[in-house]
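Letter by letter, the chains look like this.
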4 protein chains.
Amino acid sequence: HTPLAVIAGINVLEDEGLSLEVGTELKRICVDLGLPYVFKASFDKANRSSITSFRGPGLKAGLAHLARIKAALDVPICTDVHEPDQAKAVAAIADIVQIPAFLCRQTDLVVAIARETQAAGGVIHVKKAQFLAPWDTKNIIAKIGEAAPDVGVILCERGSSFGYNNLVVDMLGIGAMHDLGVPVTIDATHAVQLPGADPRTAGASTGGRREGVPIIAKAAVASGADGVFLEFHIDPDAALCDAPSCLPLSSARDLLSTLKRVREAVQG
Amino acid sequence: HTPLAVIAGINVLEDEGLSLEVGTELKRICVDLGLPYVFKASFDKANRSSITSFRGPGLKAGLAHLARIKAALDVPICTDVHEPDQAKAVAAIADIVQIPAFLCRQTDLVVAIARETQAAGGVIHVKKAQFLAPWDTKNIIAKIGEAAPDVGVILCERGSSFGYNNLVVDMLGIGAMHDLGVPVTIDATHAVQLPGADPRTAGASTGGRREGVPIIAKAAVASGADGVFLEFHIDPDAALCDAPSCLPLSSARDLLSTLKRVREAVQG
Amino acid sequence: HTPLAVIAGINVLEDEGLSLEVGTELKRICVDLGLPYVFKASFDKANRSSITSFRGPGLKAGLAHLARIKAALDVPICTDVHEPDQAKAVAAIADIVQIPAFLCRQTDLVVAIARETQAAGGVIHVKKAQFLAPWDTKNIIAKIGEAAPDVGVILCERGSSFGYNNLVVDMLGIGAMHDLGVPVTIDATHAVQLPGADPRTAGASTGGRREGVPIIAKAAVASGADGVFLEFHIDPDAALCDAPSCLPLSSARDLLSTLKRVREAVQG
Amino acid sequence: HTPLAVIAGINVLEDEGLSLEVGTELKRICVDLGLPYVFKASFDKANRSSITSFRGPGLKAGLAHLARIKAALDVPICTDVHEPDQAKAVAAIADIVQIPAFLCRQTDLVVAIARETQAAGGVIHVKKAQFLAPWDTKNIIAKIGEAAPDVGVILCERGSSFGYNNLVVDMLGIGAMHDLGVPVTIDATHAVQLPGADPRTAGASTGGRREGVPIIAKAAVASGADGVFLEFHIDPDAALCDAPSCLPLSSARDLLSTLKRVREAVQG
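This is a predicted model, so every value here is computed, not measured.

Trainee: Report on helix 4 (residues 107–120) of chain C, specifying residues and quantitative values.
Mentor: Three- or four-residue spacings in an α-helix give side chains the same orientation, since the helix completes a turn every 3.6 residues. All names here are of chain C. For helix 4, built from 14 residues, the straight-helix expectation of 20 Å at 1.5 Å per residue is met to within 8% by its first-to-last C-alpha distance of 20 Å. Regarding helix 4, the residues found buried are Thr 107, Leu 109, Val 110, Val 111, Ala 112, Ile 113, Ala 114 and Thr 117. On its buried face, helix 4 sits against helix 3 (87–93), strand 4 (96–99), strand 5 (123–127) and helix 5 (138–147).

Written out as structure tokens, the structure is:
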């Protein structure tokens, strides 16, 4: 039995105390449960809906922040890259270098991440775009393979466009991506987002969606996902990005314990 | 802990030996696992793609067949109704009377089933249509409640239209239907169908979809479904209806054991 | 050049004065424009969301009402059938017998309508279901052809499920249905519906959708549709069914004139 | 009456003779028809499925190529920008600077294009992403407006994700974008793409889709689009990018004449 991998942390880097508190608690839980743990946070949110939204500390300050967390907690780090010329600096710190969903077909970015991540000995985490069929991720794997034949790749499901202002997770897609010969994770946090700012959906649904994160995580693990990608906060409603889908840190132990049991249940 | 309910059997009534063999084995497994079991089969497939497709024995012979199975196996029966004037005869035999997905908004059918099922002391199983949002099943529950205030209702998820010739199961819909105050089942067999006869999908996908049934069942149980709806056959490829999504009877024990473990895992 | 066919009238039969007023005006406009005209109204709305919704006068009174309109206006009639045993009586009055979208795969209904319509010398109008790909209507045409080889068939596009509580009209579907060798109409009235009763969509969108009817009609005619299906009312907001997508009768002349010009524009 | 705008040319810059031939013919047709004409070509295809696909001449050679076409034909130029640091150079040549669909939410790119295009006196053409509801383009307009309050913006519809490996154009979206106070174009060429490389769709559909381009263009103009975006080639099957949706140059006069007539038909 391979244990369930946990890539978890905060959406975007806020103050360092928050990173330490969240990372410390998540590491403790994962050690207790025997699950491999990777701390996750973004240094930049490059595609916020509004120009005035909080974007994070940026590349330089963000990587320094992540390096201190890595040292303090002694855990691997996962963060994302938005421009080709960020790839080298990120790969120097991050053990898992992430390609954002909207950008997963940008050849220059994929190639830069592939080369720099391989050179640094890391692994690539590809968020499958909301507009991409699971089997079409094979083109991304091929692009990476041509640029960097030895780098490891993980595919991440985070929902597909389902009409307007909604996503749906097709649990059969996890197996379709497994068929490409790579591990598959579920980003349960972003999969429950209601994209856009339409008043028709924003009001009624916000509250209910946070409750959807554990459901999508449990379902995906039951469907064979090898890892989960989750975002927490001490005070989720005060999170500076994606608050409506952010989980309270206090819920992490119960959720991860349940996910471990589900993993064991399906592995027999 | 409420145990997982199992509504399972064959797609459409074929010969009685098959019904007995499938029902006997499924009952044995459910007894061993401590799961409530209901035998399921249709007497008519009223919406096959082609006029020449096998439809089953029809109302009279089919209900007699089901009555003999009920007596021989001492199990409750679930079957579906396609016309209002079939409701009384079906409710006399079936413990769970099913409303087909395409027909779930036909008022006369819903009202007839509601009245006759209540009169006979049964329960109604509503397949949510492929074109219906989970929360919109509240209108069906309201129709049933106005016609027969005391009858029990179970809602069943069986996939939503997702582009052409494909369905997707939104695991968040299970909770949305639970919020209406009723139990929810997953019809994992029909949820993996690729609707239609398009040559673009029929060829490549048929094989892969049968493997999707256990995935959808596990995911839905992990998401909180109270029961599963599954179709088996001694020789699935020879099934007279919906062969591509039919499971071999020999796989039933492993699958139901896994589903029981998943149910326990999420119930803590 | 074949002129654009107009199947238009009211959603459901209300009082006979309304039918006469709407039918008289629509006939006058179509005569002026040189467009063939068919009066359309339903005698029963068999799948309303709520059991308390207005359903119409029913089969017997409704057909008598339609027969009087047919005689008074000297126009062909289009109405729909919901149960197999209604087919004969409807085909005796209606020149165009309609199969409702949700029911277009119910074999017994399709066969009954096919036989009775052929016997009565009518034509069948099939509403393509919201869950059906355009090319999969070939199975319905085949069912009709096996039951009644000489009856004429018209296919009608009325939107496809697009996420929850929304429909979308794929204009490429019109050509895909033409490829099956039959005329194709657009039901622009129902194509703009927002299915369901979800508060997230009902409020914000109701007003805006009525304005969508002419857009869908114009787009479909530009895409090659041979006819339009439209519902009008003297006082649309007071219509007893589907008020939000009902057009004012006073807008009919402008709309049909524009549609005629669009038809001519694409036919060169 | 505002005449229909035509943004048309070739997918990606190939040899200069092709650009001249296509641009000369399209300009001639538009002059004859009284339609404003803009030559369109990409210097880089930054998100091809495969790393080995042809990408074009790149920024420097491509802009030089476009500058020579602009001078030779005396027409405005439209081309797209893929990285923030390309914006200044592109805006110096292009009269219409385009934001690619996948990138339309990348804040840095949108801001750079907004500032440089305003400084150069150009206009921005935003391709609406396949994952974005029409009304959610208001956030892009707001981002542009905060960065460059005086620059003109045009929104372009190019299809929405509809299940896997398919797009659909919602004609009602054109009006929804008009409601934001900007002109709207239809990219009929990309709207008929079948995204991805799935063998289930690639084979059967390729041929039929090219025939879909004129249908989508006519439908969108009938729906109120102010302009069309189209790609042509002398030998479409030999086009180095997106051959299956490329139109033969020889079809341009008929198509644009028809579109002009449709525009006039709907404008009364």
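From this point, the narrative continues.
Trainee: Break down the environment of Asp235(C) for me, with residues and values.
Mentor: Note that Asp235(C) resides in the loop between strand 10 (227–233) and strand 11 (247–248). In this structure the C-alpha to C-alpha distance between Asp235(C) and Ile96(C), which are 139 residues apart in sequence, comes to 26 Å.

Trainee: Can you explain the interface of chain C and chain B? Please cite residues and give values.
Mentor: Taken together, the contacts link 40 residues of chain C with 40 residues of chain B. With both chains or domains summed, chain C and chain B bury close to 3600 Å², and 49% of this area falls on carbon and sulfur atoms. Three residues, Ile51(C), Arg105(C) and Tyr164(C), lead the burial of chain C against chain B; their summed loss comes to 19% of the area buried on that side. For the interface between chain C and chain B, the tally reads two salt bridges. On inspection of chain C and its partner chain B, the count reaches ten residue pairs in polar contact (both at pLDDT 80 or more). Listed by contribution, the elements that provide at least two residues to the side of chain C that touches chain B are helix 4, helix 5 and strand 7 (160–161) of chain C. At five residues, the largest contribution of residues to the side of chain C that touches chain B is made by helix 5 of chain C. Among the residues making up the side of chain C that touches chain B, the classes are represented as 15 nonpolar, twelve polar and 13 charged.

Trainee: Quick one: what's the story with the packing of aromatic side chains, residue by residue and with numbers?
Mentor: Here the structure, examined in full by the defined rule, presents 16 aromatic pairs over all chains. Aromatic pair Phe162(B) and Tyr164(D): ring centres 4.9 Å apart, planes at 90°, arrangement edge-to-face. In this pair, Phe162(B) sits in the loop between strand 7 (160–161) and strand 8 (167–168) while Tyr164(D) sits in the loop between strand 7 (160–161) and strand 8 (167–168), so the two residues belong to two different chains. Three or more aromatic residues joined by ring pairs make a cluster, and in this case those are Trp135(A), Phe162(A), Trp135(B), Phe162(B), Tyr164(C) and Tyr164(D). Positioned above the aromatic ring of Phe229(B) is the side chain of Lys127(B), whose terminal nitrogen or guanidinium carbon lies 4.3 Å from the ring centre.

Trainee: Explain the pattern of salt bridges to me, and be specific about the residues and the numbers.
Mentor: All names here are of chain C. Taken as a whole and assessed by the stated rule, the structure comprises 44 salt bridges over all chains. Here Arg 68 ties to Glu 16 by a salt bridge, and the two come within 2.7 Å at their closest N and O atoms. Linking Arg 68 in helix 2 (residues 59–73) with Glu 16 in helix 1 (residues 16–33), this pair joins segments that are 52 residues apart in sequence. Judged by its relative accessible area of 44%, Arg 68 falls in the partly exposed class. With relative accessibility at 26%, the residue Glu 16 sits in the partly exposed group. Note that Asp 44 is salt-bridged to Arg 55, the shortest N-O span being 2.9 Å. Taken together, the residues span a long stretch of sequence, with Asp 44 in the loop between strand 2 (37–42) and helix 2 and Arg 55 in the loop between strand 2 and helix 2 at a distance of eleven residues. We note that Asp 44, like Arg 55, is buried.

Trainee: Outline the pairing of strand 10 (residues 227–233) of chain A, supporting the account with residue identities and numerical values.
Mentor: Residues and elements named next belong to chain A. With respect to burial, strand 10 is a largely interior element, seven of its seven residues being buried. The alternating pattern of strand 10 places Gly 227, Phe 229, Glu 231 and His 233 on one face and Val 228, Leu 230 and Phe 232 on the opposite face, and all of these are buried. Here strand 9 (residues 184–187) runs beside strand 10; their pairing, made up of three bridges, is parallel. The residue bridging Thr 185 from the neighbouring strand is Gly 227, located in strand 10. Both strand 10 and strand 11 (residues 247–248) contribute to a ladder of two bridges, which runs parallel. Opposite His 233, over in strand 11, you have Pro 248 as the bridge partner.

Trainee: Just give me the short version of the relation of the copies chain D and chain A, but keep the residues and values in it.
Mentor: Mapping chain D onto chain A is achieved by rotating through 180° and translating by 0.0 Å along the same axis, at an RMSD of 0.0 Å. Interpreted geometrically, this transformation is the action of a two-fold axis. Both copies present the same face, since 100% of the interface residues in chain D are matched by interface residues at the equivalent positions in chain A.

Trainee: Explain the confidence of the model for chain A residue by residue, including any values.
Mentor: Summing up the model confidence of chain A, the mean pLDDT is 94 and the portion of residues at 70 or higher is 96%. Here residues 198–208 of chain A is a poorly scored stretch, pLDDT under 50, and it has 16 contacts once near neighbours within four places are set aside; other chains count.

Trainee: Any details on the packing of helix 4 (residues 107–120) of chain B against helix 5 (residues 138–147) of chain B? Residues and values, ideally.
Mentor: Residue and element names in this part refer to chain B. Packing of helix 4 against helix 5 brings their axes to within 8 Å, and their N-to-C directions diverge by 50°. The pairing of helix 4 with helix 5 is recorded here as oblique in orientation. Remark: the crossing between helix 4 and helix 5 carries right-handed chirality. In contact with Thr 107, Val 110, Val 111, Ala 114 and Arg 115 of helix 4, helix 5 contributes Lys 143, Ile 144 and Ala 147.

Trainee: Run through unusual backbone geometry, naming residues and quoting values.
Mentor: All names here are of chain B. The backbone of Asp 74 shows a phi angle near 55°, a positive value even though the residue is not glycine. Here Asp 74 is to be found in the loop between helix 2 (59–73) and strand 3 (77–80). A relative accessible area of 62% means that Asp 74 is categorised as exposed. One non-glycine residue with positive phi stands out, namely Asn 165, at about 60°.

Trainee: Could you give me a rundown of the pairing of strand 10 (residues 227–233) of chain D, with the residues and numbers involved?
Mentor: Both strand 1 (residues 5–12) of chain D and strand 10 of chain D contribute to a ladder of five bridges, which runs parallel. What sits directly across from Ala5(D), in strand 10 of chain D, is Gly227(D).

Trainee: I'd like a rundown of the nonpolar core, residues and numbers included.
Mentor: With 330 residues, the main nonpolar core has Met171(A), Met171(B), Met171(C) and Met171(D) as its most contacted residues. Excluding anything up to four places from it in sequence, Met171(B) contacts Met171(A), Ile215(A), Ile216(A), Ala219(A), Ile216(B), Ala219(B), Ala220(B) and Ser223(B).

The rules behind these values
Residues numbered from 1 in each chain as written. Chains lettered and ligands numbered in written order. Predicted model: local features only at pLDDT ≥ 70, side-chain atom pairs only at ≥ 80, totals over all residues. Heavy atoms only, no water. Helix = DSSP H or I, 4+ residues; strand = E, 2+ residues; numbered from the N terminus. Expected span 1.5 Å × (residues − 1). Buried < 20%, exposed > 50% of the residue type's maximum accessible area, 1.4 Å probe, protein only. Contact = heavy atoms within 4.5 Å. Buried area = accessible area lost by both parts, 1.4 Å probe. Salt bridge = Lys/Arg side-chain N within 4 Å of Asp/Glu carboxyl O. Polar contact = N/O pair within 3.5 Å; in protein donor to acceptor, adjacent residues only side chain to side chain. Nonpolar A, V, L, I, M, F, W, Y, C, P; charged D, E, K, R; others polar. Phe/Tyr/Trp six-rings, centres within 6.5 Å; stacked < 30°, edge-to-face > 60°. Lys NZ or Arg CZ within 6 Å of the ring centre and 35° of its normal. Pairing = 2+ DSSP bridges. Least-squares fit on C-alpha atoms with pLDDT ≥ 70 in both. pLDDT = per-residue confidence, 0-100. Axes fitted to C-alpha atoms, helices over the stretch in contact; angles between N-to-C directions. Parallel < 35°, antiparallel > 145°, perpendicular 65-115°, else oblique. Left-handed = near helix turned anticlockwise from the far one by under 90°. Core = buried A, V, L, I, M, F, W, Y, C linked by side-chain atoms within 4.5 Å.

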